[in-house]
Amino acid sequence: MSSLTKMLLILDLFSVEKPIWSAEEIIQHCGHSRPTGYRYVKELCDAGLLRRAEGGYSLGPRVIEMDYYIRQCDPLLNACRPIMVRIAQETGCDVLLASMYGSKIMAVHQELAHETGQIAFGRGRPMPLFRGGGSKILLASMSASQLRKLYGQHSAEIAEAGLGATWSEFRKQLLQYRNDGHVVSIGELDPNAAGVAVPVPVDDALDPAALVMVTTRTRFNLMEKALLIDIATNAARQIETSMRGQRDTITRAQPQSGDQTETL
């Protein structure tokens, strides 16, 4: 592991449960020497990724700045936002865009149907890896080799989540989700909530993404499930079309290899 990776892993220590860490706690938890640990903390502070706080250090304002750039400039978010707003208004469901990075899954954008809407795992809060429609449909997009590695690391959690007591059962269940093209989830993340999740077709260079529509269990029981799945699936296709349009626009704007630039 490179020294840069070791330094950046310090950022993973911070959470809602423990938002402030002292330098001594960071050094002890990460196993760094004192000179190395203090140097890492100083460099992270200089970069704005950490800042001094009462009792130690907290995440810094640079994180907020980068979040702003993501919300303004990310092509997938730009493609999703108007579509998510529309279907939230039309269906009365809260809509999430979930994405995977490394072994974490979280909502990277959300549109609430009502201002008072509450989502158990809203934007920025990591979701359980093996529970909930968003997580399951994203896992179904992974390759067999990726899933086998995941199973080797989390077989007990997978069995507890009801996804299979063996590797064969786990793989079979995720293949079923992939073939179905959707996952219905009832009360897995919030006992009072239910919804559907579908994959968002994205370029192979991008992390897998999923569209999740969530409402109360009472309301979900009254809704036509097939219609809700169709709405989510059509929205995912519209997002794919919008993303393709963005790529085509960028491609047309780029100079071709045979173009000659006039010089003055």
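Residues numbered from 1 in each chain as written. Predicted model: local features only at pLDDT ≥ 70, side-chain atom pairs only at ≥ 80, totals over all residues. Heavy atoms only, no water.

Section: the sheet that holds strand β4 (residues 104–111)
Consideration 1: Taken in spatial order, the six strands make up an open sheet running β5-β4-β3-β8-β7-β6, and their pairing is antiparallel. Of all strands in the sheet, those with a lone pairing partner are β5 (126–127) and β6 (183–186), marking the two edges.
Consideration 2: In this structure, strand β3 (residues 94–101) lies alongside strand β8 (residues 209–216), joined through six bridges in antiparallel fashion. Across the sheet, the residue bridging to valine 95 is methionine 213, located in β8.
Consideration 3: The sheet contacts of helix α5 (residues 75–91) involve β3, β4 and β8, and relative to β4 the element is tilted by about 65°. (Pairing = 2+ DSSP bridges. Helix = DSSP H or I, 4+ residues; strand = E, 2+ residues; numbered from the N terminus. Contact = heavy atoms within 4.5 Å. Axes fitted to C-alpha atoms, helices over the stretch in contact; angles between N-to-C directions.)

Thoughts on the packing of aromatic side chains
Consideration 1: Going through the model one piece at a time under the given rule, you end up with five aromatic pairs.
Consideration 2: Cluster of aromatic residues (ring-pair linked, three or more members): Phe130, Tyr151, Trp167 and Phe170.
Consideration 3: When the ring centre of tryptophan 21 is taken as reference, the NZ or CZ atom of lysine 18 above it lies at 4.8 Å.
Consideration 4: In this structure, lysine 225 packs its charged tip against the face of phenylalanine 220, placed 4.9 Å from the ring centre. (Phe/Tyr/Trp six-rings, centres within 6.5 Å; stacked < 30°, edge-to-face > 60°. Lys NZ or Arg CZ within 6 Å of the ring centre and 35° of its normal.)

Concerning a nonpolar patch on the surface
Consideration 1: Together, Leu59, Val63 and Met66 line one region of the surface with nonpolar side chains, adding up to about 210 Å² of accessible area.
Consideration 2: Here methionine 66 falls in the partly exposed class, since its relative accessible area comes to 37%. (Patch = residues over 30% accessible without salt bridge, like charges linked within 9 Å, V, L, I, M, F, W, Y side chains within 5 Å. Areas by Shrake-Rupley, 256 points an atom, 1.4 Å probe, with all protein chains shown as cover. Salt bridge = Lys/Arg side-chain N within 4 Å of Asp/Glu carboxyl O. Buried < 20%, exposed > 50% of the residue type's maximum accessible area, 1.4 Å probe, protein only.)

Focus on the packing of helix α2 (residues 23–30) against helix α3 (residues 34–46)
Consideration 1: As a packed pair, α2 and α3 sit with axes 9 Å apart at the nearest point and diverge in direction by 120°. In this view, α2 runs oblique relative to α3, as classed from their interaxial angle. At the point where α2 passes α3, the crossing takes the right-handed sense. Between α2, through Ala23, Glu24, Ile26 and Ile27, and α3, the contact on the second element is made entirely by Arg34, Gly37, Tyr38 and Val41. (Parallel < 35°, antiparallel > 145°, perpendicular 65-115°, else oblique. Left-handed = near helix turned anticlockwise from the far one by under 90°.)

Some thoughts on the pattern of salt bridges
Consideration 1: Tallied over the full model, the rule gives nine salt bridges.
Consideration 2: Among the ionic pairs, arginine 34 bridges to glutamate 24, the shortest N-O distance being 2.4 Å. One end of the pair, arginine 34, is in helix α3; the other, glutamate 24, is in helix α2, with 10 residues separating them in the sequence.
Consideration 3: What makes arginine 34 partly exposed here is its relative accessible area of 45%.
Consideration 4: Its salt-bridge partner being arginine 62, residue glutamate 65 comes within 3.6 Å of it at the nearest N-O pair. On the criterion of helical spacing, the pair formed by glutamate 65 and arginine 62 is a turn pair, its members being three residues apart in helix α4 (residues 61–73).
Consideration 5: Here the salt bridges share partners, and the residues they tie into one network are Asp67, Arg71 and Arg123.

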